[in-house]
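Letter by letter, the chains look like this.
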Amino acid sequence: MIQENLNKIRKTIPLNVTLVAVSKTKPVTDLQEAYDAGQRIFGENKALEMRDKHQQLPKDIQWHFIGHLQTNKIKYIAPFVTLIHSIDSASLLEAVNKEAAKNNRIINCLLQFHIAQEETKFGLDMKEATSLLESESFKNLKNINICGVMGMATFTDDNEQIRNEFKTLKNIFNTLKDSYFKDSEAFKEISMGMSDDYPIAIEEGATLVRVGSKIFGVRNYN
């Protein structure tokens, strides 16, 4: 089933867009099945769960952390994480930098922006991002690499609203690229779109889509 789902989704995703299989709450056997079907990039939102799965699964998997990251949990994923999608404060970025340095790594990160109507979602606004990128402390962070932006649209059936929120994130990306990352080849990622809205996200410029239930089925949070 997972293999069939993956094949279906791959047919809808252009070559310039990367599929992150969101495997949070799913057992290792499900991830192995997706791996056997050729999937190599997995997204998790709990640091300890990600660490445990990393220990049990093949080592050529790229692990993307997509949830709200607590500073005291960074150490569990710092040795191996490929990309952290959810940097939503200067203090979190500094903490990631510190753990990356301990592991002699440079960790790739995305700045998460609050683009939804819902207050429950995390993320920076433009003012916070600007003050972060212009701060002295940011210039001294040698063990992180900002590769782009991430955002989550409002959970709604209103496709026009979703599209406008994705447009907002694309505009934020363009502004940051022009103002701060003109010479950075790494700054190229726009992580947006999930199982229900990833086709709209792709139309609006997503380079990374985070698809979970459409691959693995409905999540069990018990």
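Residues numbered from 1 in each chain as written. Predicted model: local features only at pLDDT ≥ 70, side-chain atom pairs only at ≥ 80, totals over all residues. Heavy atoms only, no water.

If you tally the helices and strands in the chain, you get 10 helices and eight strands. For 222 residues, the compact-globule formula gives about 17 Å, and the C-alpha radius of gyration of the chain, at 17 Å, lands near that figure. C-alpha extents for the chain along the principal axes are approximately 50 × 45 × 35 Å. Classification of the 222 residues of the chain by burial places 50% in the buried group. A sequence separation of at least 24 residues applies to 60% of the contacts in the chain between residues at least 6 apart. Of the accessible surface of the chain, which amounts to about 10,900 Å², a share of 49% is contributed by carbon and sulfur atoms. Here the chain contributes 28 positive and 29 negative side-chain charges, whose respective centroids are spaced 5 Å apart. (Helix = DSSP H or I, 4+ residues; strand = E, 2+ residues; numbered from the N terminus. Rg over C-alpha atoms; globule rule 2.2 N^0.38 Å. Buried < 20%, exposed > 50% of the residue type's maximum accessible area, 1.4 Å probe, protein only. Contact = heavy atoms within 4.5 Å. Areas by Shrake-Rupley, 256 points an atom, 1.4 Å probe, with all protein chains shown as cover. Lys, Arg positive; Asp, Glu negative; His and termini not counted. Charge placed at Lys NZ, Arg CZ, Asp CG, Glu CD.)

The next subject is the packing of helix α1 (residues 2-10) against helix α2 (residues 28-36). The N-to-C vectors of α1 and α2 enclose an angle of 50 degrees; their axes lie 9 Å apart at closest approach. Viewed along their axes, α1 and α2 adopt a mutual orientation that is oblique. For the crossing formed where α1 meets α2, the hand is right-handed. Seen from α1, the contacting residues are I2, Q3 and L6; seen from α2, they are D30, E33 and A34. (Axes fitted to C-alpha atoms, helices over the stretch in contact; angles between N-to-C directions. Parallel < 35°, antiparallel > 145°, perpendicular 65-115°, else oblique. Left-handed = near helix turned anticlockwise from the far one by under 90°.)

Burial along strand β2 (residues 41-44) is two-sided: I41 and G43 and F42 and E44, pointing in opposite directions, are all buried. Relative to β2, strand β1 (residues 18-22) runs parallel, the two being bridged by two bridges. Bridge pairing in β2 links A21 to F42. For the crossover from β1 across α2 to β2, the handedness is right-handed. Relative to strand β3 (residues 62-65), β2 is paired through four bridges, and the arrangement is parallel. (Pairing = 2+ DSSP bridges. Right-handed = clockwise from strand over helix to strand, strands pointing away.)

Right, let's talk about the pairing of strand β8 (residues 208-211) for a bit. The alternating pattern of β8 places L208 and R210 and V209 and V211 on opposite faces, both of which are buried. In this sheet, β8 lies alongside β1 in parallel orientation, the contact comprising four bridges. Looking at the pairing, T18 lines up with L208 of β8.

A word on helix α6 (residues 126-134). Residues spaced three or four apart along an α-helix face the same direction, because each turn holds 3.6 residues. Among all positions of α6, only A129, L132 and L133 are buried. All buried residues of α6 project into a common sector of 90 degrees when viewed along the axis, lining one side. Elements in contact with the buried residues of α6: α5 (90-102), β5 (107-113), α7 (136-139) and α8 (159-180). For α6, the N-terminal capping position is held by D125, with its side-chain oxygen 3.2 Å away from the main-chain nitrogen of K127. (Arc of directions from axis to C-beta. Polar contact = N/O pair within 3.5 Å; in protein donor to acceptor, adjacent residues only side chain to side chain.)

Side chains that differ in charge, positive against negative, can pair when their charged atoms come close. Scanning the model with the defined rule gives 11 salt bridges in all. A salt bridge links E99 to K102; its shortest N-O distance comes to 3.1 Å. Taken together, the positions of E99 and K102, both in helix α5 and three residues apart, correspond to about one turn of that helix. The exposure class of K102 is exposed, given its relative accessible area of 56%. (Salt bridge = Lys/Arg side-chain N within 4 Å of Asp/Glu carboxyl O.)

What follows covers the nonpolar core. Counting 65 residues, the largest nonpolar core has I84, V96 and F113 as the members making the most contacts within it. The element best represented in this core is α8, accounting for six residues. Judged by nonpolar contacts, the second largest core, of seven residues, contains L83, C147, M150 and L208. (Core = buried A, V, L, I, M, F, W, Y, C linked by side-chain atoms within 4.5 Å.)

Let's shift gears to the side chain of S86. Here S86 is to be found in strand β4 (residues 83-87). Take S86: its relative accessible area is 0%, and that puts it in the buried class. Separated by 2.4 Å, the side chain of S86 and the backbone oxygen of G67 make a polar contact.

What follows is about the packing of aromatic side chains. Evaluation of the coordinates by the stated rule reveals three aromatic pairs. On the basis of an interplanar angle of 10 degrees and a centroid distance of 5.0 Å, the ring pair of F173 and F187 is categorised as stacked. Of the two residues, F173 is situated in helix α8 and F187 in the loop between α8 and β7 (189-191); the sequence distance between them amounts to 14 residues. An aromatic cluster is defined as three or more aromatic residues linked by ring pairs; in this entry it consists of F173, F181 and F187. (Phe/Tyr/Trp six-rings, centres within 6.5 Å; stacked < 30°, edge-to-face > 60°.)

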